[in-house]
Amino acid sequence: MSEPTATEALSNFIADRITDDRSQGKHGGRVVTRFPPEPNGYLHIGHAKSICLNFGLARDFGGRCNLRFDDTNPSTEDIEYVDAIQEDIRWLGFNWDELHFASDYFEQLYEWAQKLIRSGHAYVDESSAEEIAAYRGDFRTPGRPTPYRDRPAAESLALFEKMRAGEIDEGKAVLRAKIDTNHPNMNLRDPVIYRIKKAHHHRTGDKWCIYPMYDYAHPLSDAVEAITHSICTLEFEDHRPFYDWCINTVDTPAKPNQIEFARLNLNYTVMSKRKLLQLVNEKLVDGWHDPRMLTIRGLRRRGYTPASIRAFAHQIGVNRTNSWIDMGVLENAVREDLNASAPRAMAVLRPLKVTLTNLPEERACSLSNHPQKPELGHREVRLTRQIFIDREDFEEVPPKGFFRLVPGGWVRLRGAGFIKCDSVEKDASGNVTGVSCTWHAPIEGNEGPGGGKVKGTIHWVPGDSPAATVRLYDRLFSVEHPDGDDWKAHLNPNSREILVDARVEPSLAHAKSGDTFQFERTGYFCADSIDSTPGKPIWNRVVTLKDSWAKR
RNA sequence: UGGGGCGUGGUGUAAUCGGUAACACAACGGACUUUGACUCCGUCAUAGAAGGUUCGAGUCCUUCCGCCCCAACCA
C-alpha cells in the first residue's frame, strides 16, 4: 500500500500556530483538539477535511482529539446520526481519545448560567422573538435594550428556574448574555444563550426543557474538556469574541482558543446538509449512501478508500481563503490509491461478439494481476472460439489515430495473441452484430503477425462469461456551481448509467462486497455492498481511468 | 450602510527578520508501454490595481477595487 501523503505531518497555518503556542508554553504545552459534529445529518467530504485536520494535528503533536456531539438542539437531532457518525470516523481511520456529548454538560452549563445572572452578566428576557429582533436593530439601525434588560438578578434567577421547571411556555422567555445592545458586531448584541424547547432529547429524554445555544455551549464544553485549540470554520469568526467572553466571564480553569479555517468547496456537487437532505427526501438519489453522494457513506459504497480521502484532505491544504477545489482532485486521489492497490481484471461493458474462425481449440491464457506488482500473481483466462470485446474497440470506418480493431487490421488481444478482422456481420438496419477474425498466437518481440508494430491492445472476455450489472457513475451535477433556487435543475441526467448485459471475467463472480478491481482500460470498479448477491456482484464504477484518446 | 475576513498561474497550496516565485493537480508537447493506464522528461504565473519606501518587495506603507461572512429563541 502506498500512502505517502496521508501519514506525512500536516503543514498549515494552524500547525504553525500550535508550534508557536507550544514554544511559548501556552496551554502547558498540551495539544487537545476535538471534532464536534451536530448529530442532525450524515458526515460528508467536507467533514472529512475537518476530521483529518483535528485528528491529524493531535497525532502530529502527540496530543489528543475528542469526539463531541454538539447535541444542543433536540428538535433536529437523532440517535441514528450519532451512531452513523462514529462509524464513519472509524472507517476513515481515526480513533477519538474521549467520546462526549454537550448534553453531558447541561447541568454544569446551567450552573454557569446562574453564575452569570448573579454577577449581572445575563438576564431573562420575556420579549418575543420578534421583539428581540426588532430591539436588536441591524447593520444600520442601532440596537436598544428591551424593558427586561435591567431587571434585578434575583428576578432573572427565579425566572430562569421557572424556565427549567417547565413553568414557562416556549417562546415566552430566553436567557440573554448582557454585553452591549448596540455592539457593531451583531453577535455581541446580548446574544440569547438559553431557549425553552419542550422537546424530547435523544440522550437526556425529558429531563430538560431549556437548551443552551451553540454559541454558549460550545466554548464552555471546550473548556470542560480542556481543549486547547478549538478549530472551526470561517463563518464562526465573528462569534469568537463571544467565545472568549464566555470563557473569560465564567472564568473557566481551561482557556481554549478558537481558530477558524475555510470550509471545503467542491465543484459539480453540493455540500450543505440542507441540500443533501433535500436530495434524499425528494428521492433524487437513493439515500444517504447513494454512490453519487459525497457523504462518507456514499463515497465508501462507491469504492473510495479511506486512504484516498485522507490523501485528498492532505493535498488540498488548510487556509482562510474561500476557494473551490476541482472534483478532479478528489477523483485523482482514488485513482492514485487504487492504481497501486487494485488487482486488474477484464470486463466488457458493451459486448460485441467476435468469432475467432481459426482458433483450433480453447486456450488457457495467463494474465498478470498487476503490472507493477508481480507478487499479486497471475490468473487464467480461457480464450474461447467466441469472445466478447467492447463495441467501442471496433470501428468499421476508423477515425484518424484509431488503433484498435478495424477491418483488415491486426490488434493485440490482452494476454492472448492477435486478431485481424476479416468480416463484419450486421442486422437489417445496418448495426454491427458481430465480427469474424483470424487469430494469431502471441509473438516474442515487437513485431506483429503482419510485420511491423501493432499499436493497439484491447481487452476481452470468454464467450461464456456471465452477464453482469455494472453501474457507471458520474458527477451528480452537470454545472460547476449548482446554486440559486433552481440548483436541482442542474442534476446530471447521466450521473448513473446502468448496464445489465456487461460481461465480466468468470473469476470475478467470487468477488466479495467492497472488493475493488481495475477493469483494464476502463476504470476502477467496486462490488456493491448492498445490492450484490452471492456469486453475482453488482459493480459500481468508482472512477474512470484517464483517457487521452477519449479527450480528442 | 456597521462589523469581521480574504485576494499568488486554469485550480489548490507554499516561500516564517524584504534578496533569484516552490510543490501538486489540470492542460499542452514528447519518451516508454501487451492497459491510448501507470511511469518518465519538457512547457506553462511577476503576485487584485495604482502609488510609495528600499540597492532590492508577493513579503513594509498609502489609496483604491473585488469577493466572502454576520441582522435564528440553527449549528
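Residues numbered from 1 in each chain as written. Chains lettered and ligands numbered in written order. Predicted model: local features only at pLDDT ≥ 70, side-chain atom pairs only at ≥ 80, totals over all residues. Heavy atoms only, no water.

J.: Would you mind going over the side chain of Lys275 with me for this structure?
T.: Mapping Lys275 onto the fold places it in helix α9 (residues 273-281). Buried Lys275, no salt bridge; nearest opposite-charge side chain is Asp483, N-O distance 6.4 Å. The residues touching Lys275, leaving out its near neighbours within four places in the chain, are Val270, Pro482, Asp483 and Trp487. (Helix = DSSP H or I, 4+ residues; strand = E, 2+ residues; numbered from the N terminus. Buried < 20%, exposed > 50% of the residue type's maximum accessible area, 1.4 Å probe, protein only. Lys, Arg positive; Asp, Glu negative; His and termini not counted. Salt bridge = Lys/Arg side-chain N within 4 Å of Asp/Glu carboxyl O. Contact = heavy atoms within 4.5 Å.)

J.: How should I be thinking about the environment of Gly448 in this particular structure?
T.: Summarising the element assignment, Gly448 is placed in the loop between β18 (432-440) and β19 (457-458). Among the residues examined, Gly448 registers a relative accessible area of 7% and is labelled buried.

J.: Is there a simple way to think about the sheet that holds strand β25 (residues 539-544) in this case?
T.: By definition, the strands of a sheet pair up through backbone hydrogen bonds, in either a parallel or an antiparallel sense. Ordered in space as β10-β23-β24-β25-β21-β22-β11, the seven strands form an open sheet in which the pairing is mixed. A strand with exactly one partner marks an edge of an open sheet, and here the two such strands are β10 (344-345) and β11 (347-348). Contacts between helix α12 (residues 327-341) and the sheet are confined to β10, β23 (516-519), β24 (523-527) and β25, with β25 contributing the most and set at about 110° to the helix. (Pairing = 2+ DSSP bridges. Axes fitted to C-alpha atoms, helices over the stretch in contact; angles between N-to-C directions.)

J.: Explain the packing of aromatic side chains to me, please; I cannot follow it from the model alone.
T.: One pass over the structure, following the stated rule, counts 17 aromatic pairs. With a centroid separation of 5.3 Å and an interplanar angle of 25°, the aromatic rings of Phe55 and Phe94 are classed as stacked. Placement of the pair is Phe55 in helix α2 (residues 45-60) and Phe94 in the loop between α3 (79-91) and β3 (99-101), with a sequence separation of 39 residues. The same class applies to Phe55 as to Phe94, namely buried. Taking NZ or CZ as reference, Arg164 lies 4.6 Å from the ring centre of Tyr110, over its face. The ring centre of Trp487 lies 5.3 Å from the NZ or CZ of Lys275, which sits over that ring. (Phe/Tyr/Trp six-rings, centres within 6.5 Å; stacked < 30°, edge-to-face > 60°. Lys NZ or Arg CZ within 6 Å of the ring centre and 35° of its normal.)

J.: Where do I start with the protein's contact with RNA strand B in this structure?
T.: As a matter of local geometry, RNA strand B sits amid 61 residues, with Arg344, Phe403, Arg404, Arg414 and Gln518 nearest to it. Across the atoms of RNA strand B situated within 4 Å of the protein, the share located in sugar and phosphate is 61%. Taking Asn73, its side chain carries an N or O atom lying 3.2 Å from a sugar or linking oxygen of RNA strand B. Arg140 is positioned such that a nitrogen or oxygen atom in its side chain is 3.4 Å from a base oxygen of RNA strand B. Elements represented by at least two residues in the surface near RNA strand B include exactly α5 (129-136), β6 (192-196) and α12. In terms of residue count, the dominant contributor to the surface near RNA strand B is α5 (three residues). Residue composition of the surface near RNA strand B, grouped by class: 20 nonpolar, 20 polar and 21 charged. (Near = heavy atom within 4 Å. Polar contact = N/O pair within 3.5 Å; in protein donor to acceptor, adjacent residues only side chain to side chain. Nonpolar A, V, L, I, M, F, W, Y, C, P; charged D, E, K, R; others polar.)

J.: Hey, could you run me through unusual backbone geometry in this one?
T.: The phi angle of most residues is negative, glycine excepted, and most peptide bonds adopt the trans form. Non-glycine residue His27 carries a positive phi angle of around 55°. Tracing the backbone through its elements, the reader meets His27 in the loop between α1 (13-23) and β1 (32-35). A relative accessible area of 16% means that His27 is categorised as buried. Here Arg521, not a glycine, exhibits a phi torsion of approximately 70°, which is positive. If you trace the backbone, Arg521 turns up in the loop between β23 and β24.

J.: How should the pairing of β6 be read in this particular structure?
T.: The side chains of a regular strand alternate, first on one face of the sheet and then on the other. A large share of β6 lies buried, amounting to four of its five residues. By the bridge criterion, three bridges tie β6 to strand β7 (residues 210-212) in an arrangement that is antiparallel. Counterpart to Ile196 in the pairing with β7 is Ile210.

J.: Would you mind showing me how to read the sheet that holds strand β16 (residues 410-413) here?
T.: With mixed pairing, the seven strands of this open sheet are ordered in space as β19-β16-β17-β18-β12-β15-β20. With partners counted over all chains shown, the strands left at the sheet margins are β19 and β20 (461-462), one partner each. When β16 meets β19, the two strands line up parallel, connected through two bridges. If you follow Arg412 over to β19, its bridge partner there is Thr457.

J.: Looking at this model, I keep getting lost on helix α8 (residues 240-250). Mind explaining?
T.: For an α-helix, the turn length of 3.6 residues means that residues three or four places apart are oriented alike. Within the span of α8, buried status applies to Phe242, Tyr243, Trp245, Cys246, Ile247 and Val250. Where α8 is buried, its residues meet α4 (106-118), β5 (174-177), β6, α7 (214-224), β8 (229-233) and β9 (257-261).

J.: Any chance you could explain the packing of α2 against helix α11 (residues 306-316) here in plain terms?
T.: Pairs of packed helices are described in terms of their axes, by the angle between the two and the distance that separates them. Two elements in contact, α2 and α11, have axes separated by 9 Å at closest approach and are oriented at 75°. When the axis of α2 is compared with that of α11, the two are roughly perpendicular. In this structure, α2 contributes Ile45, Ala48, Lys49 and Cys52 to the contact, and α11 contributes Ile309, Arg310, Phe312, Ala313 and Ile316. Tallied by class, residues from the contact of α2 with α11 come to seven nonpolar, no polar and two charged. (Parallel < 35°, antiparallel > 145°, perpendicular 65-115°, else oblique.)

J.: Got a minute to help me understand the domain arrangement of chain A in this structure?
T.: Interface size is commonly expressed as the accessible area that is lost once the parts come together. Domains assigned within chain A are domain 1 (106-216), domain 2 (263-341 + 466-552) and domain 3 (345-462). Here the C-alpha centre of domain 3 lies 75 Å away from the C-alpha centre of domain 1. (Domains from an automatic or database assignment.)

J.: So what exactly am I meant to see when it comes to the pattern of salt bridges here?
T.: Any two side chains of opposite charge can pair, so long as their charged atoms come close to each other. Counted by the stated rule, this structure contains 40 salt bridges. Taking the shortest distance from any N to any O, the salt bridge between Glu260 and Arg320 comes out at 2.5 Å. A residue pair is termed long-range when its members are at least 10 positions apart, and Glu260 in strand β9 and Arg320 in the loop between α11 and α12 qualify at 60 residues. The residue Asp501 makes a salt bridge to Arg503 at a minimum N-O spacing of 3.1 Å. Residue Asp501 is classed as partly exposed on the basis of its relative accessible area of 37%. If you follow the salt bridges from partner to partner, you end up with Arg34, Arg68, Asp222 and Glu225 in one network.

J.: Would you mind showing me how to read helix α6 (residues 153-165) here?
T.: The terminal C-alpha atoms of α6, which comprises 13 residues, lie 18 Å apart, in line with the 18 Å expected from a rise of 1.5 Å per residue. Of the residues making up α6, those classed as buried are Ser156, Leu157, Leu159, Phe160 and Met163. Each element contacted by the buried residues of α6 is listed here: α4, β4 (122-125), β5, β6 and β7. Just beyond α6, the residue with positive phi is Gly166, at close to 85°. (Expected span 1.5 Å × (residues − 1).)

J.: What is the right way to read the nonpolar core from this model?
T.: Soluble globular proteins: nonpolar side chains tend toward being buried together. Formed by 54 residues in total, the largest nonpolar core has its most connected members in Ile45, Ile89, Leu266, Phe312 and Leu330. Residues contacting Ile45, with those up to four places away along its chain left out, are Leu264, Leu266, Met271, Leu294, Ile296, Leu299, Ile309, Phe312 and Leu330. Among the nonpolar cores identified, the runner-up in size contains 32 residues, and Leu109, Tyr110, Ile117 and Trp208 belong to it. (Core = buried A, V, L, I, M, F, W, Y, C linked by side-chain atoms within 4.5 Å.)

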